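Coordinates in review
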Amino acid sequence: MTIKPSQLKQTQQNQDKNAINHYDVVIIGGAMVGSVLALGLEQLTKRHNKTLDIAIIEAFAPSSDHPGFDARAIALAHGSIQALTQLDIWQHISELGTAIKHIHISDRGHFGMTELDANSFNIASMGEVIELNPVGYKLFKELQKSSIDIICPAKLDKIEANDEFHHVKLDSGQVLTTKLIVAADGAQSSVRMQFNLPQEEIDFKKTALIANISLQKSHKNRAWERFTNSGPLALLPMSPSNGQQRLSMVWALDPDNAELMKQATKPVFLNSLQQAFGFRAGQFIDVGERYSYPLKLTYMPRPIHHRCLFVGNAAQTLHPIAGQGFNLGLRDIMGVLDVIEHALIENLPMGNVAMTHAYLKAREKDRMNTINRVEFLVRGFSNDLWPLTLGRNLGLRLLSWLPPLKAPIASKAMGFTTDTIL
Ligand SMILES: Cc1cc2nc3c(=O)[nH]c(=O)nc-3n(C[C@H](O)[C@H](O)[C@H](O)COP(=O)(O)OP(=O)(O)OC[C@H]3O[C@@H](n4cnc5c(N)ncnc54)[C@H](O)[C@@H]3O)c2cc1C
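Quick notes on the rules
Residues numbered from 1 in each chain as written. Predicted model: local features only at pLDDT ≥ 70, side-chain atom pairs only at ≥ 80, totals over all residues. Heavy atoms only, no water. 1 Å grid on protein atoms, 1.4 Å probe; cavity = no way out; pocket = protein on both sides within 12 Å on 5 of 7 lines; lining within 4 Å. Points joined across faces, edges and corners; volume = space filled by probe spheres on them. Nonpolar A, V, L, I, M, F, W, Y, C, P; charged D, E, K, R; others polar. Near = heavy atom within 4 Å. Polar contact = N/O pair within 3.5 Å; in protein donor to acceptor, adjacent residues only side chain to side chain. Areas by Shrake-Rupley, 256 points an atom, 1.4 Å probe, with all protein chains shown as cover. Helix = DSSP H or I, 4+ residues; strand = E, 2+ residues; numbered from the N terminus. Pairing = 2+ DSSP bridges. UniProt positions renumbered as here; feature names shortened; annotations may be inferred. Axes fitted to C-alpha atoms, helices over the stretch in contact; angles between N-to-C directions. Parallel < 35°, antiparallel > 145°, perpendicular 65-115°, else oblique. Left-handed = near helix turned anticlockwise from the far one by under 90°. Contact = heavy atoms within 4.5 Å. Expected span 1.5 Å × (residues − 1). Buried < 20%, exposed > 50% of the residue type's maximum accessible area, 1.4 Å probe, protein only.

**As for empty space enclosed by the protein**
Enumeration according to the criterion identifies 1 cavity of 30 Å³ or more in this entry. Considering only enclosed or pocket space, the largest cavity measures out at about 70 Å³ in volume. By residue class, the composition of the lining of the largest cavity is 8 nonpolar, 3 polar and 1 charged.

**With respect to the site of the ligand**
Every one of the 31 residues lining the ligand counts as a neighbour, but E58, R72, A75, S190 and N313 are closest to it. In the model, an oxygen atom of the ligand is placed 2.8 Å from a nitrogen or oxygen of the N313 side chain. Contact with the protein chains covers 90% of the free accessible surface of the ligand, which is 1,000 Å². Residue assignment for the shell around the ligand shows that the elements contributing at least two residues are α1 (32-47), β3 (73-77) and α8 (325-346). In terms of residue count, α8 provides more of the shell around the ligand than any other element does, 3 residues in total. In terms of residue class, the shell around the ligand is built from 16 nonpolar, 11 polar and 4 charged.

**Remarks on the pairing of strand β9 (residues 156-161)**
Bridge count for β9 against strand β10 (residues 166-170) is 5 bridges, and the pairing is antiparallel. Across the sheet, I159 pairs through a bridge with V168, a residue of β10. Linkage of β9 to β10, two consecutive antiparallel strands, is achieved through a turn of 4 residues.

**Topic: the UniProt feature "transmembrane region" (unreviewed entry) in the protein**
Mapped onto this structure's residue numbering, the UniProt feature "transmembrane region" (unreviewed entry) falls at residues 20-41. Regarding residues 20-41, the helix share stands at 45% and the strand share at 41%, and the terminal C-alpha atoms are separated by 22 Å.

**A word on the packing of α1 against α8**
One can describe the packing of α1 onto α8 by two numbers: an axis separation of 10 Å at closest approach and a directional angle of 30 degrees. With respect to their mutual orientation, α1 and α8 come out roughly parallel. Crossing geometry of α1 relative to α8 is assigned as right-handed. Packed against α1, whose contacting residues are M32, V33, V36, L37, G40, L41, L44, T45 and R47, the element α8 presents F326, G329, L330, I333, V336, L337, I340, E341 and L344 at the interface. Residues that form the contact of α1 with α8 fall into these classes: 13 nonpolar, 3 polar and 2 charged.

**Remarks on the packing of helix α2 (residues 78-86) against α8**
At a minimum axis separation of 10 Å, α2 and α8 run at an interaxial angle of 40 degrees. Between α2 and α8, the interaxial angle falls into the category oblique. When the axes of α2 and α8 are compared, the crossing they make is left-handed. The segment α2 lies against α8, with S80, A83, L84 and Q86 engaging N327, L330 and M334. Looking at side-chain class alone, the contact of α2 with α8 contains 4 nonpolar, 3 polar and no charged residues.

**Digging into the environment of S125**
Note on placement: S125 falls in the loop between β6 (113-117) and β7 (127-131). Separated by 23 residues in the primary sequence, S125 and H102 have C-alpha atoms spaced 7.9 Å apart. Not counting residues within four places of it along the chain, the set of residues in contact with S125 comprises H78, A99, I100 and A118. A polar side-chain atom of S125 sits 3.3 Å from the main-chain carbonyl oxygen of G127.

**So, α1**
With 16 residues, α1 extends 22 Å between its outermost C-alpha atoms, agreeing within 8% with the 22 Å of an ideal straight helix rising 1.5 Å per residue. Burial runs high along α1: 14 of the 16 residues are buried. Immediately downstream of α1, the backbone of N49 shows phi near 55 degrees, a positive value.

**Considerations on the sheet that holds β3**
Sheet strands line up and pair through hydrogen bonds in the backbone, either parallel or antiparallel. The strand order β3-β7-β4 describes an open sheet built from 3 strands, whose pairing is antiparallel. Each end of this open sheet is capped by a strand with a single partner; those strands are β3 and β4 (98-100). For this sheet, the mean inter-axis angle between neighbouring strands, taken without regard to orientation, is 30 degrees. Where β4 meets β7, 3 bridges bridge the pair, whose relative direction is antiparallel. Looking at β7, one finds that I100 is bridged to G127.

**Description of unusual backbone geometry**
Of note, the bond from C152 into P153 is cis; its omega dihedral lies within 30 degrees of zero at 0 degrees. Within the secondary structure, P153 sits in the loop between β8 (149-151) and β9. In this model, K220 sits at a positive phi of 50 degrees, which is unusual for a non-glycine residue. Overall, the relative accessible area of 59% leaves K220 in the exposed class.

Shown next, in the form of C-alpha cells:
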C-alpha cells in the first residue's frame, strides 16, 4: 500500500509557501524514532494539559520504498515494550508483534552454548519482534489523528541559526521557525551536516545480509544467535505468513561473501545457511528477498547543538546484530521527553542551553556503555583468535551453568533486557 501525498492529512500549518509557520519543536525525520517521539510529545502535552506547536518533517510518505520502514524486522527489548506502553503506542502496534520466549546463543565449532528462557525470569517474553513496514503505516495513522503538523513528503534544505530560534527551509521553499529542532534523520543526518558537527565512524568491513526464512517446523517463539567464523548470525521469530513459519535473519559476512550469498540461487543459499547454523531450528525451506547493509558504527561524540538535540540513528548507528539500535533510540526519546516535561512543568523556555545540556548529560553514560558493548560484542565474536575463542566459549558455558548470571549477559549480548532499562 502507498499513501499518496493527496491522501495525507491537511495539517493546521499555513499552506502558503511565503508564510512562515512558528513552532516550539520541529522533528526532522519521521521513521521509527521521529514518529515515536512525536506521538510521545503529543501524549506528554495532553497529560500536562499544555500546548506545544509541533511539526514533523519526513522525506517519504508511507510506502514500500520508505527507507525507515522497510522490510526489516527488529527485536524490541522487554523494557522498550514497557516504554512504548507508557507512551500509549504499543497498544496500536502490539498485534504486529511476535513474542520472544527463549533465546539460544551458541558458537559454531566450539563447545560454548547458553539458553535463556522468559519463564525463568518470571516474564511473559524477553521481547517482541516487529516488522517495520506495517508498523510504519500504523504510526503514521496515529500521527494523522494527532494535533501535530505532518509535513510530508518534504526534505530539510537549510537551517539558519538565530539566538532565539532556527529558520528551517524545506526543499519546497517553505520556511518554518522553531525554538527546538530534534534531529531524527538517520545516520546521514542532514541536520548534523548543516551544523558541520563531527561524527565518529568504525567500519567493521562486514556486510549484514538480511532475509526472511521459512521453516519446516514451528519456531516456538525462539530467537537464536550463533557466532560463526565469518561473524554473528541472528534469527528472530516472526508471525506466520501464508501458513508458513518464518524467521528474520541477520547474517554478518565478509562483503564478498555477502554478495555471493545475496546472488546465490535459493537452494545454494539455503544449503549454506543450514551448514552455518545447523538444524536447531529444523529445516530452512524458503528464503524471501535478500538485502544487504554495510556494517558500520557511527556516533556523534556530542549529540547536541544550539537549540538542537540528536536522537536515534542520527545520534548513533549501531551494528544491527546486537539488536540495540531502536532500543537505544527509544531511550534517547525518553531523554528528550524528560527534558521537555521538566520545561513544561517549570514553565521554562523551550530549547535553551540548560535543556540541551541536561539532555547531553542524561544520555552520556547509557550511550557510551551501549556503543562500547556493541563494539566489544561484534569484535569479540567475529574473531577466531584462540584466546578470544576460548574466552567466549568459557563465558557461554559458565552462563549455562550459572543461570542467575544470565540476566545481565542477556541484555549485553542481544539487547534484550529482563529488567527495566529505561
Ligand atoms: C538489518 C537491521 C536489523 C536491526 N535490528 C534491530 C533490532 O533487532 N533491534 C533494534 O532495537 N534495532 C535494530 N535495528 C536498528 C533500527 O532499525 C534502527 O535503529 C531504527 O530503525 C532507526 O530509526 P531512526 O528513525 O533513528 O532512523 P532512520 O530509520 O534512518 O530514519 C531516518 C528518517 O529521516 C528521514 N530523513 C532523512 N533526511 C531527511 C531530510 N533531510 N528531510 C526530511 N527527512 C529526512 C528519512 O527519510 C528516514 O525516514 C536494526 C537495523 C538493521 C539495519
